[in-house]
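Letter by letter, the chains look like this.
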Amino acid sequence: MFGVVPKALWSRAYQSDENNLINLSLRSLVVETDGRVILFDTGWGDKQDKKFFRHVYLNGGEGLINGLKTRGYEPDDITDVFLTHLHADHCGGAVKNLSGSNNYGLTFPKATIHVSEAQWKWAVKNNLREADSFLSENILPLGEKGKLNLVKEEQELFPGINIMICYGHTPGLMIPFIRYNGKTLVYTGDLIPTAAHIPLIWNMSYDIESLKTIEEKQKLLNEALNNGYIFVFQHDEHIECCDLEMTTKGIRAKNSFDFSEVI
Ligand SMILES: [Zn+2]
């Protein structure tokens, strides 16, 4: 998760265990706007077998469906699923196992699925580097059974929700900017997965093009600092949200707070 940054440095910013493992959350968001109920990313899901998960160590959390239920939503209530990208830990929960082998169905049957056209084409074609993240059982059923909206360019995709499209982590990663009660919340996805990834060169080795990630982060960090945006982290187990300040080392988190304090 920290690429070439030495453990002596990153372990001060994000706690690990004796096997170098760190706990990450798979935090999804639900936003209601314009009569829609939009779900942003869907976590791993549970379609793969034990062997697949032997290096993943899924633990804790409420689970996607249970988490939605706790907040008053059933799968049929979701009108739109927004997938930042198609890596397994972001889109897996959108497709579920039905009875019988290789028989898959949509977890949110009424939802339109929004994914960038660049990411869709890239993931369907697949490549050796990302093959363990682009799983056909997560992706192909979306195209076969789902209502897909392939997003071509940066735009206001829903009322109050603009998107930025990035190419460093994987081509076509979509980052939503959500305007709410006079604030702008940025769901930073895999561009800035945890607060520890705010420094420009603290990036994941999963990134396809590191220099592009640095450029895209710089653009987002400057815009966010200048406009007082709030970051919402998808993968940070400890810090849900933060605002930003300029320091002698560059842009850094200023205050950390829980999502419940933002809404
Ligand atoms: Zn990713």
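Residues numbered from 1 in each chain as written. Predicted model: local features only at pLDDT ≥ 70, side-chain atom pairs only at ≥ 80, totals over all residues. Heavy atoms only, no water.

> Explain the side chain of Asp 190 to me, and be specific about the residues and the numbers.
The topology assignment puts Asp 190 in the loop between β11 (183-187) and α6 (210-227). For the buried residue Asp 190, which engages in no salt bridge, the nearest side chain bearing the opposite charge is Arg 27, 11 Å off. A distance of 3.1 Å separates the side chain of Asp 190 from the side chain of His 85, its partner in a polar contact. Once you skip the residues sitting within four places of it in the chain, Asp 190 turns out to touch His 85, His 87, His 90, His 169, Leu 173, Met 204, Gln 234 and His 235. (Helix = DSSP H or I, 4+ residues; strand = E, 2+ residues; numbered from the N terminus. Buried < 20%, exposed > 50% of the residue type's maximum accessible area, 1.4 Å probe, protein only. Lys, Arg positive; Asp, Glu negative; His and termini not counted. Salt bridge = Lys/Arg side-chain N within 4 Å of Asp/Glu carboxyl O. Polar contact = N/O pair within 3.5 Å; in protein donor to acceptor, adjacent residues only side chain to side chain. Contact = heavy atoms within 4.5 Å.)

> Lay out the coordination of the zinc ion in plain terms, naming residues and giving numbers.
Around the zinc ion, the donor atoms from the protein are His 85 (NE2), His 87 (ND1), His 169 (NE2) and Asp 190 (OD), and they sit 2.1 to 2.2 Å away. Coordination at the zinc ion is irregular: its 4 donor atoms span angles of 90 to 170 degrees at the metal. The motif formed by the donor residues of the zinc ion, counted along the single chain, is H-x1-H-x81-H-x20-D. On the criterion of sequence distance, the pair formed by His 87 in the loop between β3 (80-82) and α3 (88-91) and Asp 190 in the loop between β11 and α6 is long-range, its members being 103 residues apart. Given a relative accessible area of 4%, His 87 falls into the buried group. (Donors = N, O, S within 2.8 Å, 3.2 Å for Na, K, Ca; no water. Tetrahedral: all angles 85-135°; square planar, octahedral: opposite > 155°, others 65-115°.)

> Got a sec to walk through α6? Specific residues and values, please.
For α6, spanning 18 residues, the distance from its first C-alpha to its last is 26 Å, which sits close to the expected 26 Å at 1.5 Å a residue. Taken together, the buried positions of α6 are occupied by Thr 213, Ile 214, Glu 216, Lys 217, Leu 220, Leu 221 and Ala 224. In this fold, the buried residues of α6 make contact with β9 (161-166), β10 (173-180), β11, β12 (230-232), β13 (241-247) and β14 (250-257). Backbone geometry just after α6 places Gly 228 at a positive phi near 70 degrees. (Expected span 1.5 Å × (residues − 1).)

> Account for the pairing of strand β6 (residues 112-116), with residues named and values stated.
The element β6 is largely enclosed, with a buried count of 4 among its 5 residues. Two strands pair when backbone bridges link them, and β3 and β6 are joined in this way by 3 bridges, in the parallel orientation. If you follow Val 81 over to β6, its bridge partner there is Ile 113. Pairing of β6 with strand β7 (residues 147-151), which is carried by 5 bridges, proceeds in the parallel orientation. In the strand pairing of β7, Thr 112 is matched with Lys 147. (Pairing = 2+ DSSP bridges.)

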